[in-house]
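# A structural walkthrough
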Amino acid sequence: MKLSASALTASLLGTVVTILLVIPMMLQWERPPMDTEQLGFRGLGMEQVTNPRIARTLEALNKAPVPDDPVDNDGVLVKDDKENYQNVQVLGDLDTAQFNRLMNSITTWIAPQEGDNAGCAYCHNVENMASDEIYTKVIARRMIQMTRTINTKFASHVQQTGVTCYTCHRGNAVPANVWSINPGPKQAGGMAASRNGQNLGGFSVPAYSSLPYDPFTTLLAPNANIRVVASTALPGGTGGTIQDTEKTYALMMHMSDGLGVNCTFCHNSRQFSSWEESRPQRVTAWHGIKMVSEVNHTYMDPLAPVFPDNRKGPQGDVLKVNCATCHNGINKPLYGFSMAKEYPELSVPNP
C-alpha cells in the first residue's frame, strides 16, 4: 500500500513529535542496576532504592569543608572592646578571638571567590567595617540569628548535626536550591486562559511530574494544613480540593527528591496516612516543615526591602528555602557531619 505525499508527511511529522516528547522523559529515567535497602517489614515495600551513579555524584557535591583551627580565647568580649569593634549587633557575646575565627569561616562558606566583592568586602566596607551601607551585611546579621534559632529552637529536626552558613551556601553567595513564588508559564487568552488547575510537566520541584510546581507558597505558610487524607467516608472528609491534594503530593515529591529518598523512608506503605505505623523519620520531617516555614516567614520574607531586585523572584518576593536547600539530595546534610559542633557559638540562643 502506497502512502500519499501528504499522508507520508503527516506520518513523519507524528513520528518526530513523538520522539521530541519521549526523549525528555527518557532523560529522567534511571537505568539499572540499583542498590536496595530494606527499611521495614518484608512484604510492605518499605525499601530505600538508590542509584549508585547518582550517589557518587551527590557524594562529590556534599563534602564538608575542613573547619578552621580552634583558637584560644583572648579573654575580651567583642561587646566590651569598643575601640576595635563597633556596631556588632549580633555576636557581641563572643570572645574577640572566637569572633574573628567565625568571620573568617563565614567568608569561606559564602564568598571565597576572588575579586573586589569577595571575602570581607562581600559584606563590609573594608575602609569602615562598622558601616551597614552594603546590604549583604544587614542580611548576614539576620542569617546568623536565623542559624542560632535553627540550632536551638529546632533541635528536634537538626538534632546534634546542626547547621552553619555552609549547610545552605556551600561556598556560594546564593544557595543553589532556593525558591520564589511561581505563577507558572504565561497563559493564552480567551477560553484557553485557564487550565482549571491542571499543571504542566517538566518542572524539577515535583520531580518533573505534572503536579503543581509551586506547592511551597501555600503549604509552607504559617499554620498550613497539608493533611488531606480523610478519616471519614464521603460526603464528609477534610474539605480539601483535588488541587489541595495535588499540592500535597507535589510537596512530598519535592521532599523525596530533595533528600534522595523514597516515600517509605518516612511512611509505612501499608497505610501512608498512619502516624503510628510510620517510621520515626516522619516526625523529624514534620519538624522540618515547621522549621522551614518559620525560617521563611520570620527571617527571609521581612528582608524584602533590603534585597535588591536581582536577588528576588519574578513576583518581587525574596528567594526562600525548602528541604533541598540544606539537604542537597541526601537525607542528612553533609552526610551528618556536624559543622555546628565545630562552631558552638552558633548553637546558643540569640541574646
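The following paragraphs examine the structure supplied in this document. (Residues numbered from 1 in each chain as written. Predicted model: local features only at pLDDT ≥ 70, side-chain atom pairs only at ≥ 80, totals over all residues. Heavy atoms only, no water.)

### Focus on the overall build of the chain
In terms of helices and strands, the chain carries eleven helices and two strands. Ordered by position from the N terminus, the helices and strands of the chain form the series α-β-β-α-α-α-α-α-α-α-α-α-α. Residues counted as buried form 37% of the 351 residues belonging to the chain. Entry remark: accessible area of the chain is about 20600 Å², with carbon and sulfur atoms responsible for 57%. (Helix = DSSP H or I, 4+ residues; strand = E, 2+ residues; numbered from the N terminus. Buried < 20%, exposed > 50% of the residue type's maximum accessible area, 1.4 Å probe, protein only. Areas by Shrake-Rupley, 256 points an atom, 1.4 Å probe, with all protein chains shown as cover.)

### Focus on the packing of aromatic side chains
Enumeration over the complete set of coordinates arrives at four aromatic pairs. When the ring of Trp179 is compared with that of Phe216, the centres are 5.1 Å apart and the planes differ by 45°; the resulting orientation is tilted. Taken together, the residues Trp179 in the loop between helix H6 (165-169) and helix H7 (216-219) and Phe216 in helix H7 connect sequence positions 37 residues apart. The exposure class assigned to Trp179 is buried, which follows from its relative accessible area of 8%. Assessed through its relative accessible area of 2%, Phe216 is described here as buried. Lys320 extends its terminal NZ or CZ atom over the ring of Trp179, reaching a point 4.8 Å from the ring centre. (Phe/Tyr/Trp six-rings, centres within 6.5 Å; stacked < 30°, edge-to-face > 60°. Lys NZ or Arg CZ within 6 Å of the ring centre and 35° of its normal.)

### Describing the pattern of salt bridges
Going through the model one piece at a time under the given rule, you end up with seven salt bridges. The salt bridge involving Arg270 is made with Glu277; its shortest N-O contact spans 2.6 Å. When its relative accessible area of 51% is taken as the criterion, Arg270 is described as exposed. For Lys320, the salt bridge is made with Asp317, and the minimal N-O distance between the two is 2.5 Å. Through salt bridges with shared partners, one network takes in Asp132, Lys137 and Arg141. (Salt bridge = Lys/Arg side-chain N within 4 Å of Asp/Glu carboxyl O.)

### Section: the side chain of Gln48
Relative to the elements of secondary structure, Gln48 occurs in strand S2 (residues 47-50). On the basis of relative accessibility, which here comes to 8%, the residue Gln48 falls in the buried class. Engagement of the side chain of Gln48 in a polar contact is seen with the backbone oxygen of Gly260, the distance being 3.1 Å. Discounting chain neighbours no more than four positions away, the residues touching Gln48 are Asp35, Thr36, Glu37, Leu39, Gly260, Val261, Asn262 and Phe265. (Polar contact = N/O pair within 3.5 Å; in protein donor to acceptor, adjacent residues only side chain to side chain. Contact = heavy atoms within 4.5 Å.)

### Describing the environment of Ile110
Secondary-structure assignment places Ile110 in helix H3 (residues 96-110). Accessibility expressed as a relative area gives 13% for Ile110, which makes it buried. Those residues in contact with Ile110 that lie beyond four places of it in its chain are Tyr122, Cys165, His169, Gly171, Asn172 and Ala173.

### Describing unusual backbone geometry
Even without a glycine there, the phi angle at Arg170 is positive, about 50°. Mapped onto the secondary structure, Arg170 falls in the loop between H6 and H7. Phi angles above zero are rare outside glycine, and Tyr335 is one such case at about 60°. On the secondary structure map, Tyr335 appears in the loop between helix H10 (323-327) and helix H11 (339-342).

### A short note on H3
For H3, with 15 residues, the first-to-last C-alpha span of 21 Å sits near the 21 Å given by 1.5 Å per residue. Residues of H3 that are buried include every one of Thr96, Ala97, Phe99, Arg101, Leu102, Ser105, Ile106, Thr107, Trp109 and Ile110, and no others. Buried residues along H3 sit against helix H4 (135-153), H6 and H11. At the N-terminal boundary of H3, the capping side chain belongs to Asp95, with an oxygen 2.9 Å from the backbone nitrogen of Ala97. (Expected span 1.5 Å × (residues − 1).)

### Looking at helix H2 (residues 52-61)
Listing the buried residues of H2 in full gives Pro52, Arg53 and Leu58. Buried residues along H2 sit against strand S1 (35-38) and S2. Structurally, the start of H2 carries an N-cap: the backbone nitrogen of Arg53 is 2.9 Å from a side-chain oxygen of Asn51.

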